[in-house]
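# Topology and contacts: notes
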Amino acid sequence: MNLDYIIPNPWSILEEGFNPDQVKASESLFSIGNGAMGQRANFEETYSGPTFQGSYIAGVYYPDKTRVGWWKNGYPEYFAKVLNAPNWIGINVLVNNEQLDLFTCKSVKKFRRELNMKEGWLSRSFVATLQNDIEVEVYTKRFLSLENDEVGAIDFNIKPLNTDAEITFQPYLDSGITNEDTNWDDKFWDTLNVSHENNQAFIQAKTMKTDFYTCTFMESQVFIDGKSVLIEPNIKADANLASFSYKHQVKQNETYSIHKFGGYLVDRNHSKNDFVKVAKSVLKKATETGFAELLNNQKMAWAKIWDMSDITIDGDVKAQQGIRFNIFQL
């Protein structure tokens, strides 16, 4: 893996310029976690190019049977695989019914991605021209809360630059996920129930064989230029998916934003019979606190960690970046 494109910085992992050949590597390098869950740095919006989707719940695993025979003496018959969990970060974005997809855009300019290790968040910004010739400016930020390790938050902003546009946010939960590195293409998850209420959705699922019960949840709020907008979403739900559509007419140079809160509950911490009730409580607290205050709390929590665990290296920015990257991931 060639990492020469990563810009040296003492406190951040930085990438500038969009290169589809680097997407999978960056998804690994820019990963975030809070001890209870972790995520590869997958894009929130649709990406049809090469990507390795990954969201993980600590302690949730599956005994994946190995593809080895008697000639591999000493090899285990099974590997305890950390599973790709149901996805809660997804937000499809449509601009005049054209999907925002960096792999198919006519151009992508000013692409910048940052993993801010000092404050514990991941951001991305770019200007893209879609196939329908609409130019948009996008800025996203997300983090997994240290204060409440069952919840994460996303701030996704889009601004049409060359025309008015109808923009649709489609936040979703998806339990129809796969594991790219499975040995026998086993089905790892059994979706038990998909439900929704108001702007909240819940997917209850369990792992095959190991019977870990989980609940994946989300709630979203939308804004125009920072002011809350009440939109009655169109709702789509099936056996593995819950999706809400928030459609709005956005004027040129207005910013349409969505705050999405989501996360996981597991049955080692809560009774599976109380999952939806607990998830509603978690979401209520997150939405009442709001993205900005949750982010401020995140910065303070990471400041305490760095105050205790930072190692400083003078005169070598790459070494400083590397040691802080290791501490951050630990």
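Refer to the structure above for everything that follows.
Let us look at the structure shown here. Because the structure is a prediction, the values reported are computed rather than measured. (Residues numbered from 1 in each chain as written. Predicted model: local features only at pLDDT ≥ 70, side-chain atom pairs only at ≥ 80, totals over all residues. Heavy atoms only, no water.)

## Section: helix H3 (residues 291-309)
Applicable threshold: Numbering goes from the N terminus for both helices and strands, where a helix is a DSSP run of H or I of at least four residues and a strand is a run of E of at least two. To estimate how far a helix should reach, multiply one less than its number of residues by 1.5 Å. Here, two residues are considered to be in contact whenever any of their heavy atoms come within 4.5 Å of each other.
Relative to the 27 Å expected for 19 residues at 1.5 Å per residue, H3 spans 27 Å between its end C-alpha atoms, a close match to the ideal helical length. If you follow the buried residues of H3, they end up packed against strand E10 (121-129), strand E11 (135-144), strand E12 (151-160), strand E20 (256-266), helix H2 (275-289) and helix H4 (317-329).

## Thoughts on the nonpolar core
Here is the rule: Nonpolar cores were defined as sets of buried Ala, Val, Leu, Ile, Met, Phe, Trp, Tyr and Cys residues, with membership established by side-chain atoms within 4.5 Å. Exposure classes here rest on a 1.4 Å probe applied to the protein chains alone. A residue is buried below 20% of its type maximum, exposed above 50%, and partly exposed in between.
Counting residues in hydrophobic clusters, the biggest one holds 70 residues, and the most contacted among them are Leu100, Leu102, Val136, Phe156, Ile158, Phe169 and Tyr256. One finds Leu265, Phe275, Ala279 and Val282 within the second-largest nonpolar core, a separate group that totals 18 residues.

## Comments concerning the pattern of salt bridges
The line we're drawing: By convention in these notes, a salt bridge is any Lys or Arg side-chain nitrogen within 4 Å of a carboxyl oxygen on Asp or Glu.
Counting across every chain of the model gives 15 salt bridges. The closest approach of N and O atoms between Asp133 and Lys106, which form a salt bridge, is 2.6 Å. Placement of Asp133 in the loop between E10 and E11 and of Lys106 in the loop between strand E8 (98-99) and strand E9 (107-116) is noted, with a sequence separation of 27 residues between them. Using a relative accessible area of 46% as the deciding quantity, one classes Lys106 as partly exposed. For Lys280, the salt bridge is made with Glu197, and the minimal N-O distance between the two is 2.8 Å. Placement of the pair is Lys280 in helix H2 and Glu197 in strand E14 (residues 189-197), with a sequence separation of 83 residues. Overall, the relative accessible area of 27% leaves Lys280 in the partly exposed class.

## Considerations on the environment of Val138
Here Val138 is to be found in strand E11. The contact partners of Val138, leaving out residues within four places of it in the chain, are Leu100, Arg124, Ser125, Phe126, Phe156, Asn157 and Ile158.

## Section: the sheet that holds strand E13 (residues 165-174)
Just so we agree on the cut-off: For two strands to count as paired, DSSP must find a minimum of two bridges between them.
In space, the five strands of this open sheet follow the order E8-E7-E13-E19-E18, with antiparallel pairing throughout. Two strands in the sheet have a free side with no partner beyond their single neighbour: E8 and strand E18 (234-237). Across two bridges, strand E7 (residues 91-95) lies against E8 in antiparallel orientation. From the neighbouring strand, Leu94 faces E8, where its bridge partner is Gln99.

## Description of the packing of H3 against H4
The cut-off we apply is this: Throughout, an axis means a line fitted to C-alpha atoms (over the contacting stretch in the case of helices), and angles, computed between N-to-C directions, take values from 0 to 180 degrees. Note on terminology: angles under 35 degrees are roughly parallel, angles over 145 are roughly antiparallel, angles of 65 to 115 are roughly perpendicular, and the others are oblique. For a crossing to be left-handed, the near helix must be turned anticlockwise from the far one by less than a right angle; the clockwise case is right-handed. Nonpolar residues are Ala, Val, Leu, Ile, Met, Phe, Trp, Tyr, Cys and Pro. Charged residues are Asp, Glu, Lys and Arg, and all others, Gly as well, are polar.
Where H3 contacts H4, the axes come no closer than 12 Å and their chain directions differ by 120°. By the criterion of interaxial angle, the relationship of H3 to H4 is oblique. Considering only the axes of H3 and H4, their crossing is right-handed. Where H3 abuts H4, its residues Trp302, Trp306 and Ser309 lie against Arg324, Ile327 and Phe328. Residue composition of the contact of H3 with H4, by class: four nonpolar, one polar and one charged.

## Topic: H2
We apply this condition: The directions considered for the arc are those from the helix axis to the C-beta atoms.
Taking 1.5 Å as the rise per residue, H2 with 15 residues should run 21 Å; its terminal C-alpha atoms sit 21 Å apart, in good agreement. If you check which residues of H2 are buried, you get Phe275, Val278, Ala279, Val282, Leu283, Ala286 and Thr287. Down the axis of H2, the sector holding all buried residues measures 160°, keeping them to one side. When the buried face of H2 is taken as reference, the exposed residues oriented beyond 90 degrees from it are Lys277, Lys285 and Glu288. A positive phi of about 90° marks Gly290, the residue just after H2.

## Let's talk about the sheet that holds strand E4 (residues 55-57)
What the three strands build is an open sheet, ordered E2-E3-E4; its pairing is antiparallel. Strands with a single pairing partner mark the edges of an open sheet, and in this sheet they are strand E2 (32-33) and E4. With three bridges joining them, strand E3 (residues 37-39) and E4 adopt antiparallel strand pairing. Bridging from a neighbouring strand, Gly38 pairs with Tyr56 of E4.

## Comments concerning unusual backbone geometry
A positive phi angle, close to 55°, is found at Asn198, a residue other than glycine. With respect to the element layout, Asn198 can be found in the loop between E14 and strand E15 (200-207). A residue is classified by how much of its surface remains accessible, and Asn198, at 62% relative accessible area, is exposed. The phi torsion at Asp225 lies on the positive side, around 50°, for a residue other than glycine. You can see Asp225 is positioned in the loop between strand E16 (213-224) and strand E17 (227-229).

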